[in-house]
Amino acid sequence: QVQLVESGGGLVQAGGSLRLSCVASGSIFSIKVTGWSRQTPGKQRELVASITSGGRTIYADSVKGRFTISRDNTENTVYLQMNSLKPEDTAVYYCRASILGGDYWGQGTQVTVSS
């Protein structure tokens, strides 16, 4: 079992920045990939960024150059630094941890970018 708790969402003006945090607990040694996905009403959840246990990162084209995913193994935390935010980045952001047996999700944190 893995538990994930996200924080850091909020309201920001276009062009601003936010940093999301995801703290993992439980069987963290089994986590292979940690990532952030986002979802808006009526749309499917989409991958934003992910980082493997070895540090390899993947980003959605829409956030490349603006978002950075990183991890602090000493704090069991994965961060998503979001810069140059746009109104279309508005969504609920979810942290996901992937293990061999499946995925675990956090409760989500709302990010709202005003124009």
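Keep in mind it's a predicted model, so treat the numbers as computed, not measured.

Caption draft 1: Focus on the nonpolar core. One finds W36, V48, F67, L80, M82 and Y93 to be the most contacted residues of the largest nonpolar core, which totals 27 residues. The set of elements that each furnish at least two residues to this core consists of strand 1 (2-7), strand 3 (18-26), strand 5 (46-52), strand 7 (67-72), strand 8 (77-82), strand 9 (91-99) and strand 11 (109-114). For this core, the element with the highest residue contribution is strand 9, accounting for 5 residues.

Caption draft 2: Representation of the environment of L100 within the structure. Tracing the chain through its elements places L100 in the loop between strand 9 and strand 10 (102-105). A relative accessible area of 80% means that L100 is categorised as exposed. Each C-alpha atom of the pair L100 and I31 lies 8.0 Å from the other, and the pair is 69 residues apart in sequence.

Caption draft 3: Inspection of the pattern of salt bridges at higher detail. In the structure shown here, the tally under the stated rule is 4 salt bridges. Across the salt bridge formed by D89 and R38, the nearest N and O atoms sit 3.0 Å from each other. With D89 in the loop between strand 8 and strand 9 and R38 in strand 4 (residues 33-39), this pair connects stretches of sequence that are 51 residues apart. With respect to class, D89 is no different from R38; both count as buried. The residue D89 makes a salt bridge to R66 at a minimum N-O spacing of 2.8 Å. In this pair, D89 sits in the loop between strand 8 and strand 9 while R66 sits in the loop between strand 6 (57-59) and strand 7, placing the two residues 23 residues apart along the sequence. Linked by salt bridges that have partners in common, R38, E46, R66 and D89 make up one network.

What counts and how
Along each chain, residue indices are assigned from 1 in the same order as the chain's sequence is written. Under the rules for a predicted model, residues below a pLDDT of 70 receive no local features and side-chain atom pairs below 80 are neither given nor counted, while totals for whole chains, interfaces and linings still include all residues. Side-chain metrics in this entry use all non-hydrogen atoms of the structure; hydrogen atoms and water are not considered. Take the buried Ala, Val, Leu, Ile, Met, Phe, Trp, Tyr and Cys residues and link them wherever side-chain atoms come within 4.5 Å; each set so joined is a nonpolar core. For the exposure calls, accessible area comes from a 1.4 Å probe over protein chains only, and a residue counts as buried if that area is under 20% of its type's maximum, exposed if over 50%, partly exposed in between. Counting from the N terminus, the helices are DSSP H or I runs at least four residues long and the strands are E runs at least two residues long. Here a salt bridge means any side-chain nitrogen of Lys or Arg lying within 4 Å of a carboxyl oxygen belonging to Asp or Glu.

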